[in-house]
Amino acid sequence: MKKNFLYLILILGTVLFINACYYDKAELLYPTVQGTTCDTAGVVSYSLKVVPLLKAQCYGCHSVTGGSAGINMANYANDKAIALNGKLYGSISHAPGYFAMPQGGNQMSSCDLAIIKKWITSGCLNN
Ligand code: HEC
């Protein structure tokens, strides 16, 4: 009886010890193109922040001329046009009524979504 009790304490102690070592942070597990933190403070730069994201995940299929589904991206005027008609954020946020993009790929990280949203809500600057 006493021995069983000792085993119980031992198992409990081990479980608590292992749990104490559990440490994960989304920013460290899934680093974004910005580095390890999601920085949406201040003005979001189209050329420095938005383009690299779209280039990596969209421009391959949606080029300036002849993009999939007639969606031509990859220059400022075209990217701004789909930002303003709601299709850019609708598709990347997988909102109902929009085609979920990138097609056949994983959804952008929440940080990438936040960056694009900030660019759109700040007026789609060409900066
Ligand atoms: C692998 C190729 C591919 C990639 C990568 C891709 N798309 Fe698409 N996209 C398509 C195709 C094909 C369609 C047509 C709809 C369908 O068949 O799903 C489409 C449709 C769309 C539409 C909807 C058109 C409409 O009229 O409603 C938008 C907006 C769009 N894509 C934006 C994006 C954005 C933004 C990205 C990057 C996050 C992206 N796409 C990445 C292939 C792609």
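For the structure given in this document, a descriptive report is provided here. These numbers were taken from a predicted model, which means no experiment stands behind them.

This next bit is on the packing of aromatic side chains. Overall, the coordinates contain 2 aromatic pairs when judged by the stated rule. Note on Tyr46 and Tyr76: the rings are 5.3 Å apart at their centroids and 75° apart in plane angle, and the pair reads as edge-to-face. Residue Tyr46 is found in helix 3 (residues 46–57), and its partner Tyr76 is found in helix 4 (residues 76–84); the two are separated by 30 residues along the sequence. Overall, Tyr46 belongs to the buried group, its relative accessible area being 6%.

Around the iron atom of the ligand, the protein supplies His62 (NE2) and Met101 (SD) as donor atoms, at distances of 1.9 to 2.3 Å. For the iron atom of the ligand, the 6 donor atoms in the first shell make angles of 85 to 179° at the metal, a pattern classed as octahedral. Here the residue His62 occupies a position in the loop between helix 3 and helix 4, and Met101 occupies one in the loop between helix 5 (87–92) and helix 6 (110–121), the gap between them amounting to 39 residues.

On to the site of the ligand. Neighbouring residues of the ligand: 17 residues in total, closest Cys58, Cys61, His62, Lys87 and Met101. Contact distances for the ligand include 2.7 Å between an oxygen atom and a side-chain N or O atom of Lys87. Gln103 is positioned such that a nitrogen or oxygen atom in its side chain is 2.9 Å from an oxygen atom of the ligand. With 4 residues, helix 5 is the largest single contributor of residues to the shell around the ligand. The class makeup of the residues in the shell around the ligand is 11 nonpolar, 5 polar and 1 charged.

Turning our eyes to something else, we now look at the state of the cysteines. All chains considered together, the criterion is met by 1 disulfide. Each disulfide pairs two cysteine sulfurs, and for Cys38 the partner residue is Cys111, the sulfurs being separated by 2.2 Å. Here the disulfide of Cys38 and Cys111 is right-handed, its torsion about the S-S bond being about 100°. Taken together, the positions of Cys38 in the loop between helix 2 (26–29) and helix 3 and Cys111 in helix 6 put the pair 73 residues apart, joining distant regions of the chain. Judged by its relative accessible area of 41%, Cys38 is partly exposed.

To continue, consider the nonpolar core. Grouped together as the largest cluster of nonpolar side chains are 21 residues, with contacts concentrated most on Leu54, Met73, Leu88, Met108, Ile116, Trp119 and Ile120. Breaking this core down by element, the ones donating at least two residues are helix 3, helix 4, helix 5 and helix 6. For this core, the leading source of residues is helix 6, giving 6 residues.

Calculation notes
Residues numbered from 1 in each chain as written. Predicted model: local features only at pLDDT ≥ 70, side-chain atom pairs only at ≥ 80, totals over all residues. Heavy atoms only, no water. Phe/Tyr/Trp six-rings, centres within 6.5 Å; stacked < 30°, edge-to-face > 60°. Helix = DSSP H or I, 4+ residues; strand = E, 2+ residues; numbered from the N terminus. Buried < 20%, exposed > 50% of the residue type's maximum accessible area, 1.4 Å probe, protein only. Donors = N, O, S within 2.8 Å, 3.2 Å for Na, K, Ca; no water. Tetrahedral: all angles 85-135°; square planar, octahedral: opposite > 155°, others 65-115°. Near = heavy atom within 4 Å. Polar contact = N/O pair within 3.5 Å; in protein donor to acceptor, adjacent residues only side chain to side chain. Nonpolar A, V, L, I, M, F, W, Y, C, P; charged D, E, K, R; others polar. Disulfide = S-S within 2.5 Å. Core = buried A, V, L, I, M, F, W, Y, C linked by side-chain atoms within 4.5 Å.

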